[in-house]
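# Coordinates in review
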Amino acid sequence: MKSIVHYNNNEDFKYEWNYAVENKSNFSKKRFLKDSKIRGMNAFRVGRRKNISISNYIKTNIEWIAVIPYFYQETESSIKINSPEKMGVWSKRDSAFIRDIKKLHTKDIFVMIKPHLWMSSGWRSNINFDTQENWNSWFEGYRKNIIHYAKMAQETNAALFCIGTELQSSLKELPKKWLLLIQEIKTIYKGKLTYAANWDDTYDFTDFWNEMDYIGIQAYYPLTENSNPNLEQIKTGWNKHMPSLKKLSKKYHKQILFTEVGYRNDLYATKKPWEWSNYFQRFLTKKSDKTQQLAYEALFQKLWKEDWFAGTFPWEWNSSDFPIYKKPSQNTIAIWYGK
């Protein structure tokens, strides 16, 4: 077992770090105001982890941070969602998010507030109920949470608010309720709106997308059939996805924003990028910072200059499965975000 773990956690990959591209100032350069490209990052507990400061984001040329409050239901068939007692009245946890956002703003970093519905089992895209009454009860719980965070987005002057993440079944079942919710959000929050659809959704929600400022995609697209791919193989993998993304952008006259995109640092990262590993798999899967770094390089080479492409929020700065901080991928992101 020791031999296996040692083998899987070591690789012969020499990456030459480019320090020249890093932002050595104490503030974001706000390139977004010049070229409208969102140079984002998903990050938890912003400024509250002892080993990670906001200066690390700035150094990497990150200009946007996704702040991610979670709210909870137990399973795909649970009607009850944990909801705030009074919308717009901040709990201790909410206050921590507000402090984080204020810290980011002092460094000229833009913020997207992106609430996530979390479950103990199942996946939020597969929520389903037998009766319209149950759907309506569930949606009212969801509405309370989203209005609560819309109020937070307005109070903190967040630049972007994501109204939902990977909730395809509810969009199909309750399209009119979603449109009413959007109108209610717009009476509260005056910034830009997006919604984070999963990469394999149908996206066929015309009235809905017309109300958004960006078409958000959780972009965990499969890019290769093989493990340990080279750069050209990964870049070729984007060829089957780019035409549909461009067509989607053209249809709705909206830019495509990758609200999430991420790769594990293992040999299989580009085969099924959406997969999370369990505790034992992390030790028994062959580590590959190289594959992860090449995946990000391919992403930027293929998409960054496209006019229909708004930008990225990689997942996630200090994740156990998708780590970016102190990995070669961090420097690759810094290079492209610094262009």
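A brief look at the structure comes next. (Residues numbered from 1 in each chain as written. Predicted model: local features only at pLDDT ≥ 70, side-chain atom pairs only at ≥ 80, totals over all residues. Heavy atoms only, no water.)

### Focus: the overall build of the protein
We apply this condition: In DSSP terms, a helix is any run of H or I states spanning at least four residues, a strand is any run of E spanning at least two, and both are numbered starting from the N terminus. Both definitions apply: the radius of gyration is a C-alpha atom measure, and the globule rule equals 2.2 Å times residues to the power 0.38. Each residue's exposure class comes from its accessible area (1.4 Å probe, protein chains only) as a fraction of the maximum for that residue type: buried when under 20%, exposed when over 50%, partly exposed otherwise. Whether two residues are in contact is decided by their heavy atoms, any of which lying within 4.5 Å being enough. In summary, the charge assignment counts Lys and Arg as positive and Asp and Glu as negative, without counting His or the chain termini. Each charge is placed at NZ for Lys, CZ for Arg, CG for Asp and CD for Glu.
A count of helices and strands for the protein gives 13 helices and 10 strands. Compactness check: the protein gives a C-alpha radius of gyration of 20 Å against a globular reference of 20 Å for 339 residues, within 12% of the reference. In terms of principal-axis extent, the alpha carbons of the protein reach across some 55 × 45 × 40 Å. Taking all 339 residues of the protein together, 54% fall into the buried category. Within the protein, residue pairs in contact and separated by at least 24 positions form 79% of the contacts whose partners lie at least 6 positions apart. Placing the 52 positive and 36 negative side-chain charges of the protein at their respective mean positions leaves the two points 6 Å apart.

### Digging into the sheet that holds strand S1 (residues 38–42)
To be explicit about the condition: Note: two strands are recorded as paired if DSSP finds a minimum of 2 bridges between them. Angles shown run from 0 to 180 degrees and are taken between the N-to-C directions of axes, each axis being a line fitted to C-alpha atoms and, for helices, limited to the stretch in contact.
Read around the closed barrel, eight strands run S1-S2-S4-S6-S7-S8-S9-S10, paired in parallel fashion. Shown here is a sheet whose adjacent strand axes are inclined to one another by a mean of 25°, direction ignored. By the bridge criterion, four bridges tie strand S6 (residues 160–165) to strand S7 (residues 192–198) in an arrangement that is parallel. Across the sheet, Leu-160 pairs through a bridge with Lys-192, a residue of S7.

### Describing the nonpolar core
Applicable threshold: As used in this record, nonpolar core signifies buried Ala, Val, Leu, Ile, Met, Phe, Trp, Tyr and Cys residues forming a set joined through side-chain atoms within 4.5 Å.
Within the largest apolar cluster, 102 residues are counted, with the highest numbers of intra-cluster contacts made by Phe-161, Ile-217 and Phe-258. With 10 residues, the top contributor of residues to this core is helix H5 (residues 132–156). Residues in contact with Phe-258, not counting those within four places in the same chain, are Ile-217, Ala-219, Tyr-221, Trp-238, Leu-245, Leu-299, Leu-303, Phe-309, Gly-311, Thr-312 and Phe-313.

### Side note on the pattern of salt bridges
This is how the line gets drawn: The term salt bridge refers to a pairing of a side-chain nitrogen on Lys or Arg with a carboxyl oxygen on Asp or Glu at a separation within 4 Å.
Throughout the structure, instances matching the rule amount to 14 salt bridges. Residue Lys-14 pairs with Asp-12 through a salt bridge whose shortest N-O separation is 3.2 Å. The same class applies to Lys-14 as to Asp-12, namely exposed. Each of Glu-140, Arg-143 and Glu-184 takes part in a single network of salt bridges with overlapping partners.

### Remarks on the pairing of strand S2 (residues 64–67)
Where burial is concerned, the two faces of S2 agree: the one with Trp-64 and Ala-66 and the one with Ile-65 and Val-67 are both buried. The pairing of S1 with S2 spans three bridges and is classified as parallel. Paired with Met-41 across the two strands is Ile-65, which belongs to S2. When S2 meets strand S4 (residues 110–113), the two strands line up parallel, connected through four bridges. Its bridge partner lying in S4, Ile-65 is registered against Val-111.

### Thoughts on a nonpolar patch on the surface
Rules: Here the term patch refers to residues with relative accessible area over 30% and no salt bridge, with like charges joined within 9 Å and nonpolar side chains (Val, Leu, Ile, Met, Phe, Trp, Tyr) within 5 Å. Surface accessibility follows the Shrake-Rupley procedure with a 1.4 Å probe radius. Residue values consider only the protein chains on display as shielding.
A surface patch of nonpolar side chains, about 330 Å² in accessible area, is lined by Met-1, Ile-4 and Leu-284. Assignment of secondary structure puts Met-1 in the segment before helix H1 (2–8). Judged by relative accessible area, Met-1 falls into the exposed class, the value being 68%.

### Here's the deal with the layout of surface pockets
Note the following rule: Cavities and pockets were defined on a 1 Å grid built over protein atoms only: a cavity is a set of grid points that admits a 1.4 Å probe from which the probe cannot escape, a pocket is an open set flanked by protein on both sides within 12 Å along at least five of seven lines, and lining residues are those with an atom within 4 Å of any such point. Grid points are joined across faces, edges and corners, and a volume is the space filled by probe spheres set on the points. Residues are sorted three ways: Asp, Glu, Lys and Arg are charged, Ala, Val, Leu, Ile, Met, Phe, Trp, Tyr, Cys and Pro are nonpolar, and all the rest, Gly among them, are polar.
Taken as a whole, the largest pocket encloses approximately 520 Å³ of empty space. In this structure, the largest pocket is lined by 17 residues; those nearest its centre are Trp-118, Trp-123, Arg-124, Glu-166 and Trp-276. Across the lining of the largest pocket, the residue classes tally to 10 nonpolar, four polar and three charged.

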